[in-house]
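# Understanding the architecture of this molecule
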Amino acid sequence: MTQVDDQEKRYEEVFRSLKTDPDVVKIGYVYVDIPATIDRLVACSDGLCMSSRKFKKLKGKTCCTTFNVPLETEDVERLACIVDEVKEIRDVGKAIEKAEGWWRHDEDGLWLEDRPSGACVFLSVPPEGPPLCTIHEWALTNGLEFRDYKPETCCLFPLYLAEQENEYLVTGYGSRLMLALDEEESEDEIENFACLCPAPGVGKPLLVEQQQELEYRLGKDRWGRVLGRLREMGHPV
Ligand code: SF4
């Protein structure tokens, strides 16, 4: 059995199991993992993970400096159209030159290239302030929608959106269901991320924090119906 067959089989099994999973609510064609996306609070704010005094010990342990970021072919195609302009921002061109490219291909798929520090080649530090994603920065500077260019995984993190034959699962990174879908991933890497360990009384449900992403990817009407139903059920979204 090939790796692709294996993944398809895993997706079929997990999506079948969702129908009777007590942690999951089905609304139309969307399954929502309640513990992973509503009970779980997050606080992602600019630079919290990189520069806040309180979290200084976590410097270097952020999504953009820790993970191998997987890419879809579409991500590579979209980025290829703008990469020459993004390379002009600060040291990004040099980082890409040093890495001999901004993406790579291996037996497990396509990935964003890293700097020697482990950070993504597109993560760059302005003279003042915390490191920024220069794809995001380039899009905002040009008045464009950053989601049209930035890799989907980066936009969604720490949310995890899986699709199987027109059905969607909305879950969280490192959740039981995400790990069932993607056996390569491990929960350990993210357990100390500042955004996922908000202080008591701080933070929003993951699904609320990332609802613009979900609206963008699932469509306003479909996402509106999901939110409406969750509210009727008494969930704080
Ligand atoms: S593309 Fe941007 S958001 Fe994604 S890992 Fe690189 S710097 Fe971070």
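Residues numbered from 1 in each chain as written. Predicted model: local features only at pLDDT ≥ 70, side-chain atom pairs only at ≥ 80, totals over all residues. Heavy atoms only, no water.

### Things to note about the sheet that holds strand β10 (residues 167-172)
Where we set the bar: What makes two strands pair is DSSP finding at least two bridges between them. Helical segments are the DSSP runs of H or I of at least four residues, strand segments are the runs of E of at least two, and each set is numbered from the N terminus. Between the N-to-C directions of two axes lies an angle of 0 to 180 degrees, each axis being a line fitted to C-alpha atoms and, for a helix, fitted only over the stretch in contact. Only heavy atoms matter for contacts: two residues are in contact if any of them lie within 4.5 Å across the pair.
Taken together, 4 strands build an open sheet; the order of strands is β1-β2-β10-β9 and the sheet is mixed. Both edges of this open sheet fall to β1 (24-27) and β9 (159-164), since each of them pairs with a single strand only. Ignoring which end each strand starts from, the neighbouring axes of this sheet average 20° apart. Along the sheet, helix α11 (residues 211-218) contacts β2 (30-33), β9 and β10; its crossing angle with β9, the most-contacted strand, is approximately 20°.

### Structural notes on the side chain of R10
Tracing the backbone through its elements, the reader meets R10 in helix α1 (residues 3-18). The residues touching R10, leaving out its near neighbours within four places in the chain, are A180, L181 and E183.

### Regarding the nonpolar core
Put simply, the test is: Among buried residues, those of type Ala, Val, Leu, Ile, Met, Phe, Trp, Tyr and Cys that are joined through side-chain atoms within 4.5 Å constitute a nonpolar core. Each residue's exposure class comes from its accessible area (1.4 Å probe, protein chains only) as a fraction of the maximum for that residue type: buried when under 20%, exposed when over 50%, partly exposed otherwise. Reported domain spans reflect what an automatic or database domain assignment gives.
L169, L207, L214 and L230 are the most contacted members of the largest nonpolar core, which has 39 residues in total. Per-domain counts for this core show at least three residues from each of domain 1 (23-44 + 160-237) and domain 2 (62-157). Beyond its immediate chain neighbours, meaning those up to four positions away, L207 contacts V32, T37, I38, V170, L214, W223, L227, L230 and V237.

### Examining the pattern of salt bridges
Rule in force here: Salt bridges are defined by distance alone: a side-chain nitrogen of Lys or Arg within 4 Å of a carboxyl oxygen of Asp or Glu.
Across all of its chains, the model carries 16 salt bridges by this definition. One salt bridge connects R10 with D6, and the closest N-O pair in it is separated by 3.8 Å. With R10 and D6 both in helix α1, this residue pair falls 4 residues apart, about one helical turn. Residue classification places R10 among the buried residues on the basis of a relative accessible area of 17%. Here K19 makes a salt bridge to E167, at a shortest N to O gap of 4.0 Å.

### A short note on the confidence of the model for the chain
As a reminder of what qualifies: The pLDDT value expresses, per residue, how confident the predictor is, ranging between 0 and 100.
When pLDDT is averaged along the chain, the result is 88; 87% of the residues meet or exceed 70. Contacts for the low-pLDDT stretch residues 52-60, under 50 throughout, to residues beyond four places or in other chains number 13 contacts.

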